[in-house]
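# Structural overview for review
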Amino acid sequence: MLRITLAQLNPTVGDIEGNVQRMEAAARQAAQERADLVVFPELSLCGYYPGDMLDEPAFLARIDAGLAALRTASAALPSLHWVVGAPTRTQGPGKRLHNALLVLQAGEVRLHYAKQLLPTYNIFDERRHFEPGPDVAKVLRIAGAQVGFLICEDGWNDAQADYAHNPLLRMADAAPDVVVSINASPSHIGKREQRHQVFGGAARRHGLPIVYVNQVGGQDQIVYDGASFAAEPAGGVVFEARRFAEDICTLQLSADGRFSLGDGTAPAPVPQQGLPTMEFYRQQIVLGLADYARRCGFTQAVVGSSGGIDSALTLALAAQALGPENVVGITMPSRFSSSGSVDDSVQLCRNLGVALHTHPIAELVAGYARQFEASFAQPLAGLPLENLQARIRGTTLMEYSNAFGHLLLTTGNKSEISVGYCTLYGDTNGGLGLIGDLYKTEVFALARHVNAQAGRELIPQAIIDKEPSAELAPGQRDVDSLPPYPVLDEILKLLIEGEGLAQDEHAAARAFVQRLEQDEAGRALVQRVRLLVARSEYKRRQAPPILRVRAKAFGNGRQMPIAAVYR
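Just so you know, these numbers come straight off a predicted model, no measurement behind them.

Cut-offs used in this document
Residues numbered from 1 in each chain as written. Predicted model: local features only at pLDDT ≥ 70, side-chain atom pairs only at ≥ 80, totals over all residues. Heavy atoms only, no water. Helix = DSSP H or I, 4+ residues; strand = E, 2+ residues; numbered from the N terminus. Rg over C-alpha atoms; globule rule 2.2 N^0.38 Å. Buried < 20%, exposed > 50% of the residue type's maximum accessible area, 1.4 Å probe, protein only. Pairing = 2+ DSSP bridges. Axes fitted to C-alpha atoms, helices over the stretch in contact; angles between N-to-C directions. Contact = heavy atoms within 4.5 Å. Expected span 1.5 Å × (residues − 1). 1 Å grid on protein atoms, 1.4 Å probe; cavity = no way out; pocket = protein on both sides within 12 Å on 5 of 7 lines; lining within 4 Å. Points joined across faces, edges and corners; volume = space filled by probe spheres on them. Nonpolar A, V, L, I, M, F, W, Y, C, P; charged D, E, K, R; others polar. Domains from an automatic or database assignment. Buried area = accessible area lost by both parts, 1.4 Å probe. Salt bridge = Lys/Arg side-chain N within 4 Å of Asp/Glu carboxyl O. Polar contact = N/O pair within 3.5 Å; in protein donor to acceptor, adjacent residues only side chain to side chain. UniProt positions renumbered as here; feature names shortened; annotations may be inferred.

### Notes on the overall build of the protein chain
- Scanning the protein chain from N- to C-terminus turns up 16 helices and 20 strands.
- Whereas a compact globule of 567 residues would reach a radius of gyration of roughly 24 Å, the protein chain reaches 26 Å, a difference of no more than 12%.
- Taking the principal axes of the C-alpha coordinates as reference, the protein chain spans close to 85 × 55 × 50 Å.
- Buried positions account for 57% of the 567 residues belonging to the protein chain.

The structure is reproduced here in structure tokens:
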């Protein structure tokens, strides 16, 4: 009977010493639960993904020291095998590092396995730093069982569609009793179900029990949801750890390849479908902000409260992540602001328990306009005057951030960021965007979900019902500049995410756009949106990072040139 502890941890990139401490604590718990091996996530020693920190000699020296500390700690628990993810040095030509899995036991390295398939697509760029490992299967006998080992991407090519060889097939040829896969698998909508399909299917095809250990937590734009699991050849996924939280749990594997909990009882049934979409968005964003703020040294956040849906949702999510006492809203009315927008901000912040400050900008705008005309002999009007208001608001928010130490949260959504309906150095100011990967229609849906979950009106219905407007000019409405959001969002989904969408979402977006393109006006609209997206790349390149919730998000997941010809 093999006992395996799944140590689903939340490592911090670069915090070698802190990560070692977390791993040692998990190992002590595993030993108390009489585990034979404790399994940590991919690159658990340094955190995923360290990027060009891997090029720094001092960083590599700290990794060496961390590995030495883990070996010493393993000597104190000699009966426990530690499955650790860490960069290790290579020999010979090519990149100088491997993305490696080490098995430590009694102070010694019992096994070294180097990741073979290095993803270089979407948000991944592992080939930049790592050399692929050799095409071999690594198996170690532990407590009478043959245990095979893989690292993340090595298990994703069982259909052999993306790479020339299949490490999982080579592993099956080695005939282990169980396969242990360590992972740093980013979360987006539908990813949990995709993992279950790929690894549950592999367990059935190859007749192999599989233990899949994932990391959890937010790191820059990326959030890892945990949701580690175990799959059996007959039953598929039979156990799942917690989502969006650390979890340390022990399973035992019987001689006939079946998993049970550490006390011998059967695991609870694993639902085929995960969280509803809006609840997934909420949990992912809340964890992403909480970890981003903590790791960057912030305890408080500030948001410009316009009385619109985007800032309202941002404030609500920030209050959940940091606590309402640690969130501040600032309303900055101009002469174009409606009284309703100010009143709605007051009601919103009262509902959330968030402090609200008022900082009128009408006199500042007038002063800028007077000086502009005096200096350049031309009145400030039209788009320059509209953008000036956004930039004064952005400057005011940055002043507050500098003065009081709050993290400024930007409030743009994916629809507006896509087509450049935002002002550089204005409403794009900030350290992090919470809703920048949500289309506008999803923003409304998530706002309704937040209210439903709370069982009361956190976000006032007046804000949800209000027609979207930047309120930078008299009577201004978003639809004066953009197609209606239900139309725009379907076009954008197809243009930006395409086949990266879920199958049903892709089919719906494609059918919608095909119907639009049946006449000349519709074709012109699609082309206009396409060009708006292309010409706004320079704005996105200068915008704050945004939390990723969908398969393809702006940032390093979508790399497009600025100076290019788009048709």
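There's more to say after this.
### A short note on the sheet that holds strand β19 (residues 407-410)
- Reading across from one edge, β18-β17-β16-β19-β20 is the order of the five strands in this open sheet, with parallel pairing throughout. Lying at the two open borders of the sheet, with one neighbouring strand each, are β18 (355-358) and β20 (432-433).
- Bridge analysis of strand β16 (residues 301-304) against strand β17 (residues 327-331) gives four bridges, and the strand direction is parallel. Note on β17: the bridge partner recorded for V302 is V328.

### A short note on the sheet that holds strand β1 (residues 2-8)
- In space, the seven strands of this open sheet follow the order β5-β4-β3-β2-β1-β14-β15, with mixed pairing throughout. The open sheet has two free edges, formed respectively by β5 (108-114) and β15 (259-261), since each of these has just one partner strand. Within this sheet the neighbouring strands show an average axis-to-axis angle of 35 degrees, counted without direction.
- Bridge analysis of strand β3 (residues 81-89) against strand β4 (residues 97-105) gives nine bridges, and the strand direction is antiparallel. When the sheet's bridge partners are listed, V84 is paired in β4 with L102.
- On top of the sheet, helix α1 (residues 16-32) reaches β1, β2 (37-39), β3 and β14 (247-253); it is set at about 155 degrees to β3, its chief contact.
- Lying on the sheet, helix α2 (residues 57-75) is in contact with β3, β4 and β5; it crosses β3 at an angle near 160 degrees.

### Some points on helix α4 (residues 191-206)
- Taking 1.5 Å per residue as the helical rise, α4 with its 16 residues ought to reach 22 Å, and the 22 Å between its terminal C-alpha atoms agrees with that figure.
- All of the buried residues along α4 are K191, R192, R195, H196, V198, F199, G200, G201, A202 and A203.
- Here the buried face of α4 lies against α3 (167-173), β8 (178-183), β9 (210-214), β11 (222-225), β12 (229-232) and β13 (236-240).

### What about empty space enclosed by the protein?
- Scanning all chains against the criterion turns up one cavity of 30 Å³ or more.
- Of the volumes computed, that of the largest cavity is approximately 30 Å³.
- If you trace the largest cavity, you find it lined by I123, Q221, I222, R548, A553, F554, N556 and G557.
- Taken together, the residues of the lining of the largest cavity break down into four nonpolar, three polar and one charged.

### Topic: helix α11 (residues 440-454)
- The end-to-end C-alpha separation of α11 is 21 Å, in line with the 21 Å expected for 15 residues at 1.5 Å each.
- Taken together, the buried positions of α11 are K440, E442, V443, F444, L446, A447, V450 and N451.
- Against the buried residues of α11 lie α5 (277-296), α6 (309-322), α10 (414-419), α12 (461-465) and α13 (485-497).
- Of the residues flanking the end of α11, it is G455, one or two places downstream, whose phi is positive at about 75 degrees.

### Points about the domain arrangement of the protein chain
- With domains assigned, the protein chain is organised as domain 1 (2-263) and domain 2 (279-541).
- On a C-alpha basis, the centroid separation for the pair domain 1 and domain 2 is 39 Å.
- Each partner contributes residues to the interface: domain 1 has 15 residues there, and domain 2 has 10 residues.
- Both faces combined, the contact of domain 1 with domain 2 buries some 1,100 Å², and carbon together with sulfur accounts for 57% of it.
- Linking domain 1 with domain 2 are zero salt bridges, by the criterion used here.
- For the pair domain 1 and domain 2, the number of links is seven residue pairs in polar contact (both at pLDDT 80 or more).
- Those elements that place two or more of their residues in the side of domain 1 that touches domain 2 are β10 (216-219) and β11.
- Among the elements that take part in the side of domain 1 that touches domain 2, β10 stands out by supplying four residues, more than any other.
- A class-by-class count of the residues in the side of domain 1 that touches domain 2 yields six nonpolar, seven polar and two charged.

### Details of the layout of surface pockets
- Of the voids in this model, the second largest pocket is the one considered here, and its volume is about 1,100 Å³.
- Lining the second largest pocket are 40 residues, and of these W156, H188, K191, Q194 and V198 lie nearest its centre.
- Those elements giving two or more residues to the lining of the second largest pocket turn out to be α4 and α14 (503-516).
- It is α4 that contributes the most residues to the lining of the second largest pocket, five residues altogether.

### Remarks on the environment of I151
- Among the structural elements, I151 can be located in strand β7 (residues 145-151).
- Classification of I151 as buried rests on a relative accessible area of 0%.
- A sequence separation of 62 residues divides I151 from V213, and the C-alpha atoms of the two residues are 9.8 Å apart.
- Sequence-distant contacts of I151, defined by excluding residues within four places in its chain, comprise E42, N99, A100, L101, Y113, A114, K115, S181 and I182.

### Structural notes on the side chain of N451
- Along the polypeptide, N451 turns up in helix α11.
- Here N451 falls in the buried class, since its relative accessible area comes to 9%.
- Excluding its chain neighbours within four sequence positions, the residues that come into contact with N451 are R456, E457, L458, I459 and I464.

### So, the UniProt feature "binding site: deamido-NAD(+)" (unreviewed entry) in the protein chain
- Taken from the UniProt record, the annotation "binding site: deamido-NAD(+)" (unreviewed entry) applies to N387, E416 and K539.
- Following the sequence through the fold, E416 ends up in helix α10.
- On the basis of relative accessibility, which here comes to 10%, the residue E416 falls in the buried class.
- Here K539 lies in helix α16 (residues 537-542).
- Overall, the relative accessible area of 15% leaves K539 in the buried class.

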